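Tertiary structure, described
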Amino acid sequence: MQANGAGGGQQQQQPPPQGPELGCLGAQNGEASAGTAAGDQLAHANGLLPSANSGGPGGGSPGGLGVNNGVPAAGGPGPAAAELGGSGGGGSALKKKKRLSQSDEDVIRLIGQHLHGLGLNQTVDLLMQESGCRLEHPSATKFRNHVMEGEWDKAENDLNELKALVHSPHAIVRMKFLLLQQKYLEYLEDGKVLEALQVLRCELTPLKYNTERIHVLSGYLMCSHADDLRAKAEWEGKGTASRSKLLDKLQTYLPPSVMLPPRRLQNLLRQAVELQRDRCLYHNTKLDSNLDSVSLLIDHVCSRKQFPCYTQQILTEHCNEVWFCKFSNDGTKLATGSKDTTVIIWQVDPDTHQLKLPKTLEGHAYGVSYIAWSPDDNYLVACGPDDCSELWLWNVETGELKTKMSQSHEDSLTSVAWNPDGKRFVTGGQRGQFYQCDLDGNLLDSWEGVRVQCLWCLSDGKTVLASDTHQRIRGYNFEDLTDRNIVQEDHPIMSFTISKNGRLALLNVATQGVHLWDLQDRVLVRKYQGVTQGFYTIHSCFGGHNEDFIASGSEDHKVYIWHKRSELPIAELTGHTRTVNCVSWNPQIPSMMASASDDGTVRIWGPAPFVDNQDIEEECSSMDS
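- An unreviewed UniProt entry lists the protein chain under the name WD repeat-containing protein 26, from Lepidothrix coronata.

Side note on the pairing of strand E9 (residues 401-405)
- Pairing of strand E8 (residues 391-395) with E9 involves four bridges; the strand directions are antiparallel. Residue Leu 391 lies in a different strand from E9, and its bridge partner there is Met 405.
- In this structure, the hairpin formed by E8 and E9 is closed by a connection of five residues, where Gly 399 is found at a positive phi of approximately 75 degrees.

Quick notes on the nonpolar core
- Within the largest apolar cluster, 45 residues are counted, with the highest numbers of intra-cluster contacts made by Leu 334, Val 343 and Leu 380.
- Discounting residues that sit within four places of it in the chain, Leu 380 has contacts with Ala 335, Val 343, Ile 345, Ile 371, Ala 372, Trp 373, Trp 392, Leu 393, Trp 394 and Val 396.
- Counting residues in each nonpolar core, the second largest holds 21 residues, with Leu 281, Phe 307, Cys 309 and Ile 570 among its members.

With respect to the pattern of salt bridges
- Evaluated as defined, the whole model comprises 23 salt bridges.
- The partner of Glu 136 in a salt bridge is Arg 144, and the shortest N-O contact between them spans 2.8 Å. As far as the burial class goes, Glu 136 and Arg 144 line up, both buried.
- Here Asp 349 makes a salt bridge to Lys 356, at a shortest N to O gap of 2.7 Å.
- On the accessibility criterion, Lys 356 (38% relative accessible area) is partly exposed.

Some details on the confidence of the model for the protein chain
- Residues of the protein chain with pLDDT of at least 70 account for 81%, and the chain-wide mean is 82.
- Confidence over residues 5-45 falls short of pLDDT 50; this stretch has 104 contacts with residues more than four positions distant or in other chains.
- Of the regions scoring below 50 in pLDDT, residues 49-95 engages in 68 contacts with residues more than four places distant in sequence or in other chains.

Overview of unusual backbone geometry
- Within the chain, Thr 511 stands out as a residue other than glycine whose phi angle is a positive 65 degrees.
- Tracing the sequence through the fold places Thr 511 in the loop between strand E19 (504-509) and strand E20 (513-518).

A look at the UniProt feature "repeat: WD" (unreviewed entry) in the protein chain
- Residues given the UniProt feature "repeat: WD" (unreviewed entry) here are residues 315-349, 361-392 and 573-605.
- This span, residues 315-349, is 0% helix and 54% strand, and a straight line between its end C-alpha atoms measures 15 Å.
- When the span residues 573-605 is considered, its composition is 0% helix and 48% strand, and the gap between its end C-alpha atoms is 9 Å.

Some thoughts on the sheet that holds strand E26 (residues 580-585)
- The strand order across the open sheet formed by four strands is E1-E28-E27-E26, and the pairing between neighbours is antiparallel. This sheet does not close on itself; its edge strands, each paired only once, are strand E1 (310-315) and E26. Within the sheet, the average angular offset between the axes of one strand and its neighbour, ignoring direction, is 25 degrees.
- As defined by bridge partners, E26 adjoins strand E27 (residues 593-597) across five bridges and the pair is classed as antiparallel. Considered in E27, the bridge of Trp 585 is made with Met 593.

Concerning helix H4 (residues 102-117)
- Spanning 16 residues, H4 covers 23 Å between terminal C-alpha atoms, matching the ideal 22 Å at 1.5 Å per step.
- Every buried residue of H4 is listed here: Glu 105, Ile 108, Arg 109, Leu 110, Gly 112, Gln 113 and Leu 115.
- Buried-residue contacts for H4 involve helix H5 (121-131) and helix H13 (264-279).
- Within two residues after H4, Gly 119 carries a phi angle of roughly 85 degrees, on the positive side.

Description of helix H12 (residues 240-251)
- For H12, with twelve residues, the first-to-last C-alpha span of 16 Å sits near the 16 Å given by 1.5 Å per residue.
- Buried residues of H12: Ser 242, Arg 243, Leu 246, Leu 247, Leu 250 and Gln 251, and no others.
- Elements in contact with the buried residues of H12: helix H6 (138-149), helix H7 (152-162) and helix H8 (169-189).

A look at the sheet that holds strand E15 (residues 463-468)
- Across the sheet, which stays open at both edges, the four strands sit in the order E14-E15-E16-E17 with antiparallel pairing between neighbours. Of all the strands in the sheet, the pair left with one neighbour each is strand E14 (452-457) and strand E17 (482-488). Strand-to-strand twist across the sheet, computed as the mean angle between neighbouring axes with direction ignored, equals 25 degrees.
- Inspection of the sheet shows E14 paired to E15 by five bridges, in the antiparallel sense. Along E15, the bridge assignment pairs Leu 455 with Ala 466.

Regarding the side chain of Asn 508
- Considering the arrangement of structural elements, one finds Asn 508 in strand E19.
- According to the relative accessible area criterion, Asn 508 is buried, its value standing at 0%.
- Engagement of the side chain of Asn 508 in a polar contact is seen with the side chain of Ser 552, the distance being 3.3 Å.
- Dropping the residues within four chain positions of it, Asn 508 is found in contact with Pro 492, Ile 493, Met 494, Ser 495, Gly 513, Val 514, Gln 533, Ile 538, His 539, Ser 540 and Ser 552.

Scoring rules and cut-offs
Residues numbered from 1 in each chain as written. Predicted model: local features only at pLDDT ≥ 70, side-chain atom pairs only at ≥ 80, totals over all residues. Heavy atoms only, no water. Pairing = 2+ DSSP bridges. Helix = DSSP H or I, 4+ residues; strand = E, 2+ residues; numbered from the N terminus. Core = buried A, V, L, I, M, F, W, Y, C linked by side-chain atoms within 4.5 Å. Buried < 20%, exposed > 50% of the residue type's maximum accessible area, 1.4 Å probe, protein only. Contact = heavy atoms within 4.5 Å. Salt bridge = Lys/Arg side-chain N within 4 Å of Asp/Glu carboxyl O. pLDDT = per-residue confidence, 0-100. UniProt positions renumbered as here; feature names shortened; annotations may be inferred. Axes fitted to C-alpha atoms, helices over the stretch in contact; angles between N-to-C directions. Expected span 1.5 Å × (residues − 1). Polar contact = N/O pair within 3.5 Å; in protein donor to acceptor, adjacent residues only side chain to side chain.

Here it is in structure tokens:
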């Protein structure tokens, strides 16, 4: 413990069975269904073209259900007709049916779209007929079919029918541009250069839309062959794939009441899964957006036993208080610094996650209170407590001391931070200045008049954050020699660390505990509860997958873990017998964490072992937040 002095396309729908309640489009959606004349080509009941394995007009289907893909024709025999009350009672039977709510209709349409995507068109027909719903507007169905068939003139005519259904008049122009662009590219691929030029000059250009894109399209005329065209245009070529992508873009301009957004049900399910994971307090693994990797039949729940709150290993090689611990950036090593004047570098076994093969770096006369790994993990800098005027720069691979730096015997070098380029670092202390140095310890720059408690280099390579004795964090720019206030607290800032994206700062504040600040907006986001923090230097950390968690040591001998969004701890880890000075989360192994304590030990935390042991259960107490 360090005491610190800082404070059907053109097809039409077949009319439904007689009776007003059977007119699904009129009764449910307020629109009349299109009638069919004798001899007209029959379309699917859902208005979509049949798949390759669907029965065609006049082809019949098993069971003699007629031409509607398994749905009996009006007045014809079949299960559906029987269910609707036979020949005379269909209307009265349906009158007893409950009117569908808007949400019910939406769900039916979503299911219908998903089934259609699976090629189950007969099932979709039956669903739409029985429910009285419609998958999409007839004009949209025609438009879809014409696009997928590459009938561009007909698709363009369909836009006139859709114009009244589109909210924005500019949307029709954009849709027309996308259609003509596909038409132009397909002509080029087929070698019809004159036709493509005609589209470019007489159809695309007069739209007076996206002139820059038209210039790009005109450049494709110089493509020597089809492969060259597809490569330069980043286009799949003529066919189902590119037309499906085109249709997805076109659908964004149409209201969902006219045509559903593509794969809407899958997207809703994916959002639900991601939301459940996001709200799960113990979720600590990479998110997989593939729905096949999860069960939709149960809610997402992570067990606390999968979380790093069980002691996996106790390291006892230090013979005095352990003041600091830090995993390397690649997660393969752990460095621990102690009052016993040594730094020990531990190797993390990639399979068992056990720490072994320690390498000891000796000779730090004042003890080691702070350690910083270089970005490439080749070097390690060690600092001492307040009265330490020396800094040690070690070669990690060889274990040799590269540089021992001291500016003045009256100086204080208690904190260090690496520049992202790995060629420079900054160091300083509470005697009133901090320095920028190279790997040989040569002084490059200095900043006078700043009593530094903790340092951090931002990813821009020129800004250094420093907490000082005025209870603040300021940004110092070594290029233009400017500085600015970023964080202001009411109590001394004992230490701080920055998230990987540089947006958030985690502060250990004397007598207050752990605070989360947004550096961009310069606001205090959250105060985490539970931890005991006096005037000793305690180092907290971000950790877990996506840095969703925060961990800190405490003067009550515990390690506290919070979810970043929750003020109350989700776990309190017991086992240490004196103040826990530092916590480090492995940046590559989300289920691994280390803590250093005044009791002379370093504890490695991980998931529960694969045994049912009540003693292990007692080691971690968890609270709902």
